[in-house]
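Read off the chains here:
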Amino acid sequence: MNVFGNLGPVGLAVALTALLIWGVPGGGQLKPLGWWTTVLVAMLAGSAYKAAGGPFGVVPDLVGSLIGFAQGFFKGLTMPAIALSLLIFMLYKKLTTRQVGYVALVFFYVATGAGGNWTYIADAIENARVGMQ
């Protein structure tokens, strides 16, 4: 049963973006999103951006460019090393929930290309996104 009807990748990308924009700071009837919820929503949004393409393709393209730059600057830097570094950064650096959302978006793209256990995480997020459409 799909509660929201047929959202499709673009509709889901728009809805999750709205949730990240207005749900993180809160201030309305509902309380703001928590840390873990923000991470999950941002990773689902990353999956939706990847599937939606078009104007949402800007985010994957930007992250890919940043990863390419980092790998060019540090020869031998692998995707699993970047994924682990981003995870350590998210867990140990005091970040606002908005900052956590940005880092989690980047983390999703890195985890997608990292292979190994990171791919299991990315695949689980991808399967959750497909189930939400």
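The text that follows walks through the structure, step by step, so that each part is easy to find.

Cut-offs and rules
- Residues numbered from 1 in each chain as written.
- Predicted model: local features only at pLDDT ≥ 70, side-chain atom pairs only at ≥ 80, totals over all residues.
- Heavy atoms only, no water.
- Core = buried A, V, L, I, M, F, W, Y, C linked by side-chain atoms within 4.5 Å.
- Buried < 20%, exposed > 50% of the residue type's maximum accessible area, 1.4 Å probe, protein only.
- Helix = DSSP H or I, 4+ residues; strand = E, 2+ residues; numbered from the N terminus.
- Contact = heavy atoms within 4.5 Å.
- Expected span 1.5 Å × (residues − 1).
- Axes fitted to C-alpha atoms, helices over the stretch in contact; angles between N-to-C directions.
- Parallel < 35°, antiparallel > 145°, perpendicular 65-115°, else oblique.
- Left-handed = near helix turned anticlockwise from the far one by under 90°.
- Nonpolar A, V, L, I, M, F, W, Y, C, P; charged D, E, K, R; others polar.
- Polar contact = N/O pair within 3.5 Å; in protein donor to acceptor, adjacent residues only side chain to side chain.
- Phe/Tyr/Trp six-rings, centres within 6.5 Å; stacked < 30°, edge-to-face > 60°.

**Looking at the nonpolar core**
- Residues L16, M43, Y49, F107 and V110 are the most contacted members of the largest nonpolar core, which totals 37 residues.
- Elements supplying a minimum of two residues to this core: α1 (8-23), α2 (35-52), α3 (58-73), α4 (79-92), α5 (97-114) and α6 (117-132).
- When residues no more than four places from it in sequence are discounted, the contact partners of M43 are A104, F107, F108, I121 and I125.

**Comments concerning α5**
- In this model, α5 (18 residues) spans 25 Å end to end at C-alpha, consistent with the 26 Å of a helix rising 1.5 Å per residue.
- Listed in full, the buried residues belonging to α5 are V100, G101, V103, A104, L105, F107, F108, Y109, V110, A111 and A114.
- In the segment just after α5, G115 is the residue with positive phi, at about 75°.

**With respect to α1**
- Look at α1: 21 Å from first C-alpha to last across 16 residues, which is about the 22 Å you get at 1.5 Å a residue.
- Among all positions of α1, only G8, L12, A13, L16, T17, L20 and G23 are buried.

**Overview of the packing of α1 against α2**
- Between α1 and α2, the least distance of the axes is 8 Å, while the angle of their chain directions is 150°. Judged by the inter-axis angle, α1 sits roughly antiparallel to α2. Of the two possible hands of crossing, α1 and α2 adopt the one that is left-handed. In contact with P9, V10, L12, A13, L16, T17, L19 and L20 of α1, α2 contributes T38, V41, A42, L44, A45, A48, Y49, A51 and A52.
- For the contact of α1 with α2, the residue count by class is 15 nonpolar, two polar and no charged.

**What about the environment of T112?**
- For T112, the position within the fold is in helix α5.
- The class of T112 is partly exposed, set by a relative accessible area of 28%.
- Put simply, T112 and K31 are 81 residues apart on the chain and 31 Å apart in space, counted from C-alpha to C-alpha.
- Apart from residues lying up to four places away in sequence, T112 is in contact with K50, T119 and A122.
- At 2.8 Å, the side chain of T112 and the backbone oxygen of F108 are in polar contact.

**A look at the packing of aromatic side chains**
- In this structure the tally under the stated criterion is five aromatic pairs.
- When the ring of Y49 is compared with that of F56, the centres are 5.4 Å apart and the planes differ by 20°; the resulting orientation is stacked. The same class applies to Y49 and to F56, which are both buried.
- When the centroid spacing of 5.6 Å and the interplanar angle of 75° are considered together, the rings of F108 and Y109 count as edge-to-face. Like F108, the residue Y109 is buried in the burial classification.
- Ring-pair connections join several aromatic residues into one group, and the members of that group are F69, F73 and F74.

**Digging into the side chain of S47**
- Of note, S47 is situated in helix α2.
- In this structure, S47 is in contact with F108, I125, E126 and R129, ignoring residues within four places of it in sequence.

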